[in-house]
Amino acid sequence: MIKFRKSVPGRLQAPKYAGDCGGLIRVIALLVFSLISVIANSATARPERIFIGVASNNPAIYVAKPEPETTNGLGCWIWDKVTFNKQTVRLWHGFSVPKANPVVRAELRIAADNAFKVWLDGQELGSGSDWRTLSIYHLEGTLRPGAHVLAVEGFNDNDQAGLILGLRLVLADGQVLQIQSDRTWRVVPNSESDWQTVSSPAADWPTASSAANFGRVPWWNIPTSVLHIRQEMPKPISVWQSRTFQIGLLVGCAVFVLICIYLLIQLVSQSKAHHLVQAERDRIARDIHDDLGSKLTQLLLTGEVAQIESEQARGTPLAQMCDGARDILATIDEVVWIVNSRHDNLEDFVIYVCKYTQHFLQSSSIRCRFNIPQDLPASILSEFTRRNLFLATKEALNNAVKHSHATELTVDIELNGSRLHVIVADNGRGFDCVQAGQERNGLTNMKVRMAEIGGDCEVVNHSGGGCQVIFRVPLKERSFFKSLFQLRSRNHSADSSPARPKDASSPNRKLINDLPEVA
Amino acid sequence: MKTNFRNISTTASVATVTTVALVEDQKDLCQSWVQIIDSFDGFKCTCTCDSAEKAVRVIPEARPDVILMDIRLPCMSGIECTSRLKELLPETPIVILTVLDDDELIFRALEAGADGYLLKRSKPADLRAALQDVLAGGAPMSSAIALRVVRSFRRPPANPQNQTHLSTRETEVLDLLSRGLSNKEIADQMRLSVETVRSYLKTVYEKLHVHCRIEAVMRFTANRPVASVAAPKNSWQKLPVA
């Protein structure tokens, strides 16, 4: 399309580059065409015709005749330094609304040669494609205080190009802010993406050049038509709508998913390791039972037969040997019970403690009583907890038999919320901490054992005689993550110090070290 | 001499010889057992089997007065063997022998029909006492086993209609047992004779078998179509109606 520029409507203006064309015929043709078009424009002055369809459909858009004040507040025609045909120029301008003084009304006037598309804070307001038509956007709503971005993409079809713009902001207190197209606008390189919302311009964005002041050649000082458009102002972007937040959220989600996957892999490998350990424990238990147990039993029976066959053998070291073998078998019983993962539960623990106590007190003159709750929850009691709690209970039984002079001993199993209480009470002369401490350090042992499994131990001496040893252990199922991390840390500590010699004084020393204490 | 009829009130004083059958897979151990049993007055080991399969075949013909059964046997376990022998010889008491004091295993054996249990490491005198006790109709029960029995009966059965219930008195005896009281103490506390307490325990044993067998049948029929039942037909014939 060939354009004719006029400073004043009605007056003919020769095209700037007409001479460049050279051909007389072409100049004449241009002159005639421009004359016709200008006459048509000025004479008819009916730009409504162009928009009539739009206006009838959308009440928010209407066309008005230009008034002298229509062009108030417009800046100058701006463009990139260079101008060429089929050129797209992106123009960017940032402004800020003062705090605590929001914009209540805003009017944006804009025209471009040849076309524009305008965004406010990344939201498209509209577009236009006629330099003689001034688009006025009546923005309704509130523009929040803070930084805003006005972005315009201009397109030059042919010949000279320019964009003219004026934004009039009425603040809450009546103050008026004017933003105009001027040389402070920045030209955004076409390679830039999301430039409509960029909050601050990059240093390498060139400033816009002034193509002409308003009302100067080659453009007119009054538009042939004015297009009024009512539009909502861009809604203030909430924190969660902001790009930064969304990207952050996305990254957060991705990180979370990755962590989950990592933990899952850890869990799988650990549960695999756990299963292996369990299988190994069961194998050890089986081997001890099948090999050690059976062979020792055989030995014991051979000894018994020898005693039966020979009268002389009775009451000799042979009998002692048999008793020794019985003790070892009892010890093996205990090892197998501790090692076998089948017994990693509360019920088996309780039953075993009862059995052990009954057995242990059989040879003494102490009667034993049990108080066991009717309903034991199906809680898992790890080997570690089970072993420490059992050995601590055993210690308490040992003390009672050796020092208390009691006639009756009660083992109470209580469930107090998520805690398991094992109470060993006797009616003897009480627990003498000093003496006990000197003798076997039993109390310290019990306390250390309980501390290792996150529980505690309390010795209560009753004035009327008797003593209570109370063991409290948390039964609460550990949370998924906690157990995961605990497993990890345990694995780490095990890995980091594989060669560390076991502290013989620690109650957590090797299993087999504990067991010869069996009475 | 072998007696074909079990004398329920057999004691050491009675002149008749009590025949014992032994199921034990280890030869040396088996030999030692035979020697020990034979050394008791009034006891004679008349039949030894080195596998459960052989035991099921041989023991019903031998008709011993009491059976000693190792719990761990190759192929068929002592528990299943107990269950099968109980079908064939319901009156013959079976005493389970075990290397280790695993109360869960012992409990399962009791469920299968065993009448007593003994650790292999027990002194010969204890073995004799256990044999005499089981022949006298004793029902040995430690507090640990009592706890398991109580729990077993509290567990909801596969079919509520067939549930066996313990009577109040039986439950009371079991409860006191699980609290650590001896039979004599229970008798004192409940103002009963020791014999009555023992008879209660005997009933508990029987109900335990019934309980266990109904459970087993329920599980069996629930999992398999009836037509393909491969077990001997008479296995379930004596199923008591609850």
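## Description of the overall build of chain B
Thought 1: For chain B, the helix and strand inventory stands at nine helices and five strands.
Thought 2: Reading the helices (α) and strands (β) of chain B from amino to carboxyl end gives β-α-β-α-β-α-β-α-β-α-α-α-α-α.
Thought 3: A burial count over chain B gives 42% of its 242 residues as buried.
Thought 4: A sequence separation of at least 24 residues applies to 64% of the contacts in chain B between residues at least 6 apart.

## Describing the pairing of strand β6 (residues 123–128) of chain A
Residue and element names in this part refer to chain A.
Thought 1: Here strand β5 (residues 115–120) pairs with β6 via five bridges, running antiparallel. In the sheet register, V118 faces β6, and the bridge partner there is G126.
Thought 2: Linking β5 to β6, which pair antiparallel, is a turn of two residues; within it D121 sits at a positive phi near 55 degrees.

## Description of the sheet that holds strand β3 (residues 87–97) of chain A
Residue and element names in this part refer to chain A.
Thought 1: Read across the open sheet, the five strands follow the order β6-β5-β8-β3-β11; overall the sheet is antiparallel. In this open sheet, the two strands that pair with only one neighbour each are β6 and β11 (186–188). On average, each strand axis in the sheet is tilted by 25 degrees relative to the strand beside it, whichever way the strands run.

## As for the interface of chain B and chain A
Thought 1: The interface is formed by 23 residues belonging to chain B together with 23 residues belonging to chain A.
Thought 2: For the side of chain B that touches chain A, the secondary-structure elements that each account for two or more residues are α1 (27–39) and α6 (143–154) of chain B.
Thought 3: When residues in the side of chain B that touches chain A are grouped by element, the largest group, seven residues, is from α1 of chain B.
Thought 4: Split by residue class, the side of chain B that touches chain A holds eight nonpolar, eight polar and seven charged.

## Thoughts on the nonpolar core
Thought 1: Formed by 107 residues in total, the largest nonpolar core has its most connected members in V424 of chain A together with V23, I67, M69, V95, I96 and A109 of chain B.
Thought 2: Examining the composition of this core, we find that nine residues originate from one element, helix α5 (residues 317–339) of chain A, more than from any other.
Thought 3: Dropping the residues within four chain positions of it, V95 of chain B is found in contact with V66, L68, M69, A114, D115, G116, Y117, L118, A130, L131 and V134 of chain B.

## Considering the sheet that holds strand β3 (residues 66–70) of chain B
Residues and elements named next belong to chain B.
Thought 1: Pairing is parallel in the open sheet, where five strands are placed in the order β2-β1-β3-β4-β5. If you trace the sheet from one side to the other, it starts and ends with β2 (43–49) and β5 (116–119), each paired once. Adjacent strand axes in the sheet meet at a mean angle of 25 degrees when their direction is disregarded.
Thought 2: One ladder, built from four bridges, connects strand β1 (residues 18–23) with β3; its direction is parallel. Note that in β3 the partner of L22 across the bridge is L68.

## Focus: the confidence of the model for chain A
All names here are of chain A.
Thought 1: Across chain A, pLDDT averages 78, with 77% of residues at or above 70.
Thought 2: For residues 42–56, every residue scores under 50 in pLDDT, and the model assigns this stretch 13 contacts once sequence neighbours within four places are set aside.
Thought 3: pLDDT under 50 marks residues 489–519. Its contacts with residues more than four places away, or in other chains, come to 20 contacts.

## A closer look at the environment of V188 of chain A
All names here are of chain A.
Thought 1: By secondary structure assignment, the location of V188 is in strand β11.
Thought 2: By the C-beta count within 10 Å, which is 22 here, V188 ends up buried.
Thought 3: Here the alpha-carbon distance between V188 and P206, two residues 18 residues apart in the chain, equals 7.4 Å.
Thought 4: Setting aside residues no more than four positions away along its own chain, V188 makes contact with R90, W92, W195 and W205.

## Things to note about helix α5 (residues 124–135) of chain B
Helical periodicity: at 3.6 residues per turn, an α-helix aligns residues three or four positions apart in one direction.
Residue and element names in this part refer to chain B.
Thought 1: For α5, built from twelve residues, the straight-helix expectation of 16 Å at 1.5 Å per residue is met to within 8% by its first-to-last C-alpha distance of 17 Å.
Thought 2: Of the residues making up α5, those classed as buried are L127, A130, L131, V134 and L135. Viewed along the axis of α5, the buried residues span an arc of 130 degrees, placing them on a single side of the element.
Thought 3: Contacts made by the buried residues of α5 are with β1, α1, β2, β3, β4 (94–98) and β5.
Thought 4: Backbone geometry just downstream of α5 places G137 in the positive-phi region, at approximately 85 degrees.

## Some remarks on the packing of helix α6 (residues 346–362) of chain A against α6 of chain B
When two helices pack together, their arrangement is given by the angle between the helix axes and the distance between those axes.
Thought 1: With their axes 8 Å apart at the nearest point, α6 of chain A and α6 of chain B run at an angle of 150 degrees to one another. On the basis of their axis angle, the class for α6 of chain A and α6 of chain B is roughly antiparallel. Of the residues in α6 of chain B, those in contact with I351, C354, K355 and Q358 of chain A of α6 of chain A are S143, A144, L147 and R148 of chain B.
Thought 2: The residue inventory of the contact of α6 of chain A with α6 of chain B, partitioned by class, reads four nonpolar, two polar and two charged.

The rules we used
- Residues numbered from 1 in each chain as written.
- Chains lettered and ligands numbered in written order.
- Predicted model: local features only at pLDDT ≥ 70, side-chain atom pairs only at ≥ 80, totals over all residues.
- Helix = DSSP H or I, 4+ residues; strand = E, 2+ residues; numbered from the N terminus.
- Buried ≥ 20, exposed ≤ 12 C-beta atoms within 10 Å, placed from the backbone.
- Contact = placed C-beta atoms within 7 Å.
- Pairing = 2+ DSSP bridges.
- Axes fitted to C-alpha atoms, helices over the stretch in contact; angles between N-to-C directions.
- Nonpolar A, V, L, I, M, F, W, Y, C, P; charged D, E, K, R; others polar.
- Core = buried A, V, L, I, M, F, W, Y, C linked by C-beta atoms within 7 Å.
- pLDDT = per-residue confidence, 0-100.
- Expected span 1.5 Å × (residues − 1).
- Arc of directions from axis to C-beta.
- Parallel < 35°, antiparallel > 145°, perpendicular 65-115°, else oblique.

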